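# Structural overview
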Amino acid sequence: WKLHTDPEQVSDVAGGVVRPARAPVLLLSFPPPPPSTVAEVALRRFRGDWLLFIGEWRGCTATGAFFDTLDAEWELRRRIDLPRWPMML
């Protein structure tokens, strides 16, 4: 996920190349479901532009408010299906 902002660019003085600036990343791996609000609090406090979320989309992870914020304020850049345990859909 990428926050809806203009990408920052920096110049490589030695080569004159423009490349993306380094940015902090928030990694949330299977954040707990309600009543825990850890995912939405972490996202609200995060000041970077990149989020890596590992978990079920609107399933047994995070809260509805967390996913609503992602839908409204963030842009999905890539989705990767990860291996699952047998019998887990």
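Check the entry above for the structure.
These notes cover the structure that comes with them. Starting from 1, residues in each chain are numbered consecutively following that chain's sequence as written. Confidence filtering applies because this is a predicted model: local features only for residues at pLDDT of at least 70, side-chain atom pairs given and counted only at 80 or more, and all residues used for totals across whole chains, interfaces and linings. Working from all heavy atoms in the structure, the side-chain values ignore hydrogens and water.

On to the overall build of the protein chain. A run of H or I in DSSP counts as a helix once it spans at least four residues, and a run of E counts as a strand once it spans at least two, with each numbered from the N terminus. For the protein chain, the count of helices and strands is two helices and six strands. What you see in the protein chain, going N to C, is helices and strands ordered as β-β-β-β-α-β-α-β. For the protein chain, the residues scored as buried account for 22% of the 89 residues in total. In the structure as shown, the protein chain presents an accessible area of about 7000 Å², 58% of it carried by carbon and sulfur atoms. Using a 1.4 Å probe on the protein chains alone, a residue whose accessible area is under 20% of its type maximum counts as buried, one over 50% counts as exposed, and one in between counts as partly exposed. Using the Shrake-Rupley algorithm and a 1.4 Å probe, accessible areas are obtained, with residue cover drawn only from the displayed protein chains.

For salt bridges, the criterion is a side-chain nitrogen of Lys or Arg within 4 Å of an Asp or Glu carboxyl oxygen. Per the counting criterion, the structure on display carries four salt bridges. As a salt-bridge pair, aspartate 68 and arginine 58 come within 2.8 Å of each other at their nearest N and O atoms. With aspartate 68 in helix α2 (residues 64–73) and arginine 58 in the loop between β5 (50–54) and α2, this residue pair connects regions lying ten residues apart in the sequence. Judged by its relative accessible area of 40%, arginine 58 is partly exposed. Overlapping salt bridges bring together Arg58, Asp68 and Asp71 as one network.

Right, let's talk about α2 for a bit. Residue pairs spaced three or four apart in an α-helix point in one direction, given the helix's 3.6 residues per turn. Every buried residue of α2 is listed here: Phe66, Phe67 and Leu70. Buried residues of α2, viewed axially, fall in a sector of 95°; they line one side. Here, residues are in contact when the closest pair of their heavy atoms is within 4.5 Å. Where α2 is buried, its residues contact β4 (25–29), α1 (38–45), β5 and β6 (74–75). It is the directions from the helix axis to the C-beta atoms whose arc is reported.

What follows covers the environment of tryptophan 74. With respect to the secondary-structure elements, tryptophan 74 resides in strand β6. In the structure, tryptophan 74 is positioned 24 residues away from tryptophan 50 in sequence and 9.1 Å away in space, judged by C-alpha atoms.

This paragraph deals with the packing of aromatic side chains. The criterion for an aromatic pair is that two Phe, Tyr or Trp rings (for Trp, the six-membered ring) have centres within 6.5 Å, with stacked assigned to planes under 30 degrees apart, edge-to-face to planes over 60 apart and tilted to the rest. Evaluated as defined, the whole model comprises four aromatic pairs. When the centroid spacing of 5.7 Å and the interplanar angle of 90° are considered together, the rings of phenylalanine 53 and phenylalanine 67 count as edge-to-face. Note that phenylalanine 53 is positioned in strand β5 and phenylalanine 67 in helix α2, a separation of 14 residues in sequence. As far as burial versus exposure is concerned, phenylalanine 53 and phenylalanine 67 are alike and both buried. Where tryptophan 57 meets phenylalanine 67, the ring centres are 4.6 Å apart and the plane angle is 75°; that geometry is what we call edge-to-face. Of this pair, tryptophan 57 sits in the loop between β5 and α2 while phenylalanine 67 sits in helix α2, and the two are ten residues apart along the sequence. On the basis of relative accessible area, phenylalanine 67 is assigned to the buried category, the value being 1%. Here the aromatic residues Phe53, Trp57, Phe66 and Phe67 are joined through ring pairs into a cluster of three or more.

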